[in-house]
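# Coordinates in review
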Amino acid sequence: MNWRRSLGAAVVVVPIVVLLGYGLTRDPRAIPSPLPGRPAPEFALAVMEDPVGSGQGRGAAGDTIRLSELRGNVVVINFWASWCLACRDEHAALSATARAYEGRGVRFFGILYKDSPEQARAWIDEMGGQSYPTLLDPGSRTAIDFGVYGVPETFFIGPDGRVEYKHVGPVNERILVDRIEAILAASGSREETP
């Protein structure tokens, strides 16, 4: 009778131990995205007013940026917020890389995530400006469409409108350049590295 109890306990315990062991080998921060390789969700978002002296350019306050009108360009979209500490870490790299690729078929946009335009403008001013426009996403509809879980998250979209890569967490200049150059090379539009 003891061997039956032992066998019954093993039938219950072994699958639980296997599942726990499998779970311990996974990175709890890794959230797979279904978007890479698929068309990027379309959006039409208003450009946020530039803080004085930010040098943002590429769109006046209130202009509408439509993703569909950016076909043929590599598009880098960074979801950010003024309350996000990690966004501070990546801000200089994003601005510098956006400047380096200006006029080369690569467009950068920030999309404000769960934040107010007033706080965002103050943050950009405090950070010394931004070389690309920030778009407003009322109700976070675009963030939902992109499957954003938090900020910062950066999406790299190829000239054909497909999401090539999603980066969770702060990006640095090396990640930005490597991903952009890979997309340009794959699309046959490779240019000199900045």
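Our subject is the structure that appears above.
Since we're looking at a predicted model, the values are computed, not measured.

## A look at the overall build of the protein chain
Helix and strand counts for the protein chain stand at five helices and seven strands. Going from N to C terminus, the protein chain has its helices and strands arranged as α-β-β-β-α-β-α-β-α-β-β-α. Going through the 194 residues of the protein chain one by one, you find that 40% of them count as buried. Considering only contacts in the protein chain between residues 6 or more positions apart, those separated by 24 or more positions represent 74%. Only carbon and sulfur atoms are counted for the fraction: they give 56% of the accessible area of the protein chain, which is about 10400 Å².

## Side note on unusual backbone geometry
The amide bond that connects valine 151 to the next residue, proline 152, takes the cis arrangement and shows omega of 0°. Within the element layout of this structure, proline 152 appears in the loop between helix H4 (141–146) and strand E6 (153–157). Not every positive phi belongs to a glycine, and lysine 114 is a case in point at roughly 45°. By relative accessible area, which is 55% here, lysine 114 ends up exposed. Even without being glycine, serine 140 reaches a positive phi, approximately 55°. If you trace the backbone, serine 140 turns up in the loop between strand E5 (134–135) and H4.

## Focus on the state of the cysteines
Tallied over the full model, the rule gives one disulfide. Covalently, cysteine 84 is tied to cysteine 87 through a disulfide, its sulfur atoms 2.4 Å apart. Judged by the torsion about the S-S bond (90°), the cysteine 84/cysteine 87 disulfide is right-handed. Accessibility assignment for this pair places cysteine 84 and cysteine 87 in one class, buried.

## Topic: the nonpolar core
Soluble globular proteins tend to pack their nonpolar side chains together in the buried interior. Of all hydrophobic cores here, the largest spans 31 residues; its most connected members are Phe43, Ile77, Phe79, Leu135, Phe146, Phe155 and Ile157. For this core, the secondary structure elements donating two or more residues are strand E3 (74–80), strand E4 (106–112), helix H3 (117–126), H4 and E6. Tallying contributions element by element places E3 first for this core, with four residues. Ignoring sequence-local partners within four residues, the contact set of phenylalanine 155 consists of Leu35, Val75, Val76, Ile77, Phe79, Phe146, Val148, Val163, Tyr165 and Lys166. Grouped together as the second largest cluster of nonpolar side chains are 16 residues, Val76, Val106, Tyr132 and Ile183 included.

## Structural notes on the packing of aromatic side chains
Following the criterion strictly, the structure yields seven aromatic pairs and no others. Aromatic side chains phenylalanine 108 and tyrosine 132 sit 6.1 Å apart centroid to centroid with 45° between the ring planes, which places their arrangement in the tilted category. Here the residue phenylalanine 108 occupies a position in strand E4, and tyrosine 132 occupies one in the loop between H3 and E5, the gap between them amounting to 24 residues. For the pair shown, phenylalanine 108 and tyrosine 132 are each scored as buried. With centroids separated by 5.9 Å and ring planes inclined at 45°, the aromatic side chains of phenylalanine 156 and tyrosine 165 adopt a geometry described as tilted. Accessibility expressed as a relative area gives 0% for phenylalanine 156, which makes it buried. Ring pairing ties together the aromatic residues Phe43, Phe79, Phe146 and Phe155, which thus form one cluster. In this structure, arginine 179 is placed above the aromatic ring of tyrosine 165, and the distance from its NZ or CZ to the ring centre is 3.5 Å.

## Some words on helix H2 (residues 85–100)
Owing to its 3.6 residues per turn, the α-helix aligns residues three or four sequence positions apart on the same side. Along H2, the helix axis deviates most sharply at histidine 91, where the bend reaches about 40°. Inspection of H2 places Cys87, Glu90, His91, Ala93, Leu94, Ser95, Thr97 and Ala98 among the buried residues, and these make up the whole buried set. Packing partners of the buried residues in H2 comprise E3, E4, H3, E6 and helix H5 (173–186).

Quick notes on the rules
Residues numbered from 1 in each chain as written. Predicted model: local features only at pLDDT ≥ 70, side-chain atom pairs only at ≥ 80, totals over all residues. Heavy atoms only, no water. Helix = DSSP H or I, 4+ residues; strand = E, 2+ residues; numbered from the N terminus. Buried < 20%, exposed > 50% of the residue type's maximum accessible area, 1.4 Å probe, protein only. Contact = heavy atoms within 4.5 Å. Areas by Shrake-Rupley, 256 points an atom, 1.4 Å probe, with all protein chains shown as cover. Disulfide = S-S within 2.5 Å. Core = buried A, V, L, I, M, F, W, Y, C linked by side-chain atoms within 4.5 Å. Phe/Tyr/Trp six-rings, centres within 6.5 Å; stacked < 30°, edge-to-face > 60°. Lys NZ or Arg CZ within 6 Å of the ring centre and 35° of its normal. Bend = angle between axes of the 7 residues up to and from the residue.

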